[in-house]
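Each chain is listed here by its residues.
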Amino acid sequence: MSELWARTLTWAEVDPAQHPFEMDADAAEKVASLVAPLLPNADVAREDRRRSLDPVTEFLAGRYGRWACGWNWSVGEGDVDGGVVEVWCCSSDSVTTPGATAPLVIEALQEWRGWLEDLTERFAVLAPPDSTPVSSADLWHWERACTRLVTVVADRTQAESGWYGHCMQVLRWFLAYNGIDEGQTEEIVKNAVGGRFGSWIAPDVSVVDAVSSRFAIGVGGIR
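My aim in this report is to walk through the structure given alongside it, one point at a time.

Cut-offs and rules
Residues numbered from 1 in each chain as written. Predicted model: local features only at pLDDT ≥ 70, side-chain atom pairs only at ≥ 80, totals over all residues. Heavy atoms only, no water. Helix = DSSP H or I, 4+ residues; strand = E, 2+ residues; numbered from the N terminus. Rg over C-alpha atoms; globule rule 2.2 N^0.38 Å. Buried < 20%, exposed > 50% of the residue type's maximum accessible area, 1.4 Å probe, protein only. Contact = heavy atoms within 4.5 Å. Areas by Shrake-Rupley, 256 points an atom, 1.4 Å probe, with all protein chains shown as cover. Lys, Arg positive; Asp, Glu negative; His and termini not counted. Charge placed at Lys NZ, Arg CZ, Asp CG, Glu CD. Axes fitted to C-alpha atoms, helices over the stretch in contact; angles between N-to-C directions. Parallel < 35°, antiparallel > 145°, perpendicular 65-115°, else oblique. Left-handed = near helix turned anticlockwise from the far one by under 90°. Nonpolar A, V, L, I, M, F, W, Y, C, P; charged D, E, K, R; others polar. Salt bridge = Lys/Arg side-chain N within 4 Å of Asp/Glu carboxyl O. Phe/Tyr/Trp six-rings, centres within 6.5 Å; stacked < 30°, edge-to-face > 60°.

**Structural notes on the overall build of the protein**
Tallying secondary structure elements over the protein gives ten helices and zero strands in all. The linear arrangement of helices and strands in the protein, starting from the amino end, is α-α-α-α-α-α-α-α-α-α. Compactness check: the protein gives a C-alpha radius of gyration of 18 Å against a globular reference of 17 Å for 223 residues, within 12% of the reference. Based on the C-alpha atoms only, the size of the protein along its principal axes is roughly 55 × 35 × 25 Å. Expressed as a percentage of the 223 residues in the protein, the buried residues total 48%. Sequence-distant contacts, at least 24 apart, represent 67% of the contacts inside the protein between residues at least 6 apart. Accessible surface computed for the protein: about 10500 Å², of which carbon and sulfur atoms make up 50%. The protein carries 18 positive and 33 negative side-chain charges, and their two centres are separated by 5 Å.

**Things to note about the packing of helix 6 (residues 98-126) against helix 8 (residues 163-177)**
Between helix 6 and helix 8, the least distance of the axes is 10 Å, while the angle of their chain directions is 50°. One way to sum up the angle between helix 6 and helix 8 is to call them oblique. Viewed along their axes, helix 6 and helix 8 form a crossing whose handedness is right-handed. Here helix 6 contributes Trp 112, Trp 115, Leu 116, Leu 119, Phe 123, Ala 124 and Leu 126 to the contact with helix 8, which in turn contributes His 166, Val 170, Trp 173, Phe 174 and Tyr 177. Of the residues belonging to the contact of helix 6 with helix 8, the class tally is eleven nonpolar, one polar and no charged.

**A few points about the pattern of salt bridges**
For the coordinates displayed, the defined rule picks out six salt bridges. Asp 54 serves as the salt-bridge partner of Arg 51, at 2.7 Å between the closest nitrogen and oxygen.

**A few points about the packing of helix 8 against helix 9 (residues 182-193)**
With their axes 9 Å apart at the nearest point, helix 8 and helix 9 run at an angle of 135° to one another. It follows that helix 8 is oblique to helix 9 by the angle criterion. Considering only the axes of helix 8 and helix 9, their crossing is right-handed. Residue-level contacts link Met 168, Leu 171, Arg 172, Leu 175 and Ala 176 of helix 8 to Thr 185, Glu 186, Ile 188, Val 189, Lys 190 and Val 193 of helix 9. Looking at the contact of helix 8 with helix 9, its residues break down into seven nonpolar, one polar and three charged.

**Observations regarding the packing of aromatic side chains**
In the structure shown here, the tally under the stated rule is twelve aromatic pairs. Considering the side-chain rings of Phe 21 and Trp 67, the 5.1 Å spacing of their centres and the 75° angle between planes classify their relative orientation as edge-to-face. Placement of Phe 21 in the loop between helix 1 (11-14) and helix 2 (25-35) and of Trp 67 in the loop between helix 4 (54-64) and helix 5 (91-94) is noted, with a sequence separation of 46 residues between them. Since its relative accessible area comes to 0%, Trp 67 is described here as buried. Ring-pair connections join several aromatic residues into one group, and the members of that group are Trp 11, Phe 123, Trp 142, Trp 173, Phe 174 and Tyr 177.

Distances and angles like these do not, on their own, reveal function.
Shown next, in the form of structure tokens:
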């Protein structure tokens, strides 16, 4: 179900400013107790790892917002290819007993949320100066932003399988953060990246420079 796919999340759906979230130890324990009955047994998780956790994802998204769909977007070839969550591997390996697995789900959710909050801080630093129209900002701002965001996503995903999908998503989120509409963000990022990234390899400096230049030119061309 596409509504549960972290790959389809938009900035409006993940923006921490629009979706408050706090979880202390007591709240984490309570939510874990609610998650436990939704978990598959280990055999089911191994046989149907893609769908067996849907009830958990539906519960978390219903409780906190669709941003929570990324809770199990783990590094490498996990439940969802090419993410940043390290505490969760995949349903076939991470699902054991409900008592052990439920707290791990909550820890993974918190790690994913931490990543979104980290991105928000980065976006604020990398955005053009206040009151500067997007198309009027010096292209250097956009080149710098693209270079730094590609670098940090490659690092967090360890540039493993499918990492570039989330990288492109983060670039779209940054543009949306700066008020560019979704249709334009898709076109700008697609034209900038255009198959230049691949699985299992971090892009070298020349590739990142080329992508960042095209990214900046794309933003500069907005009318």
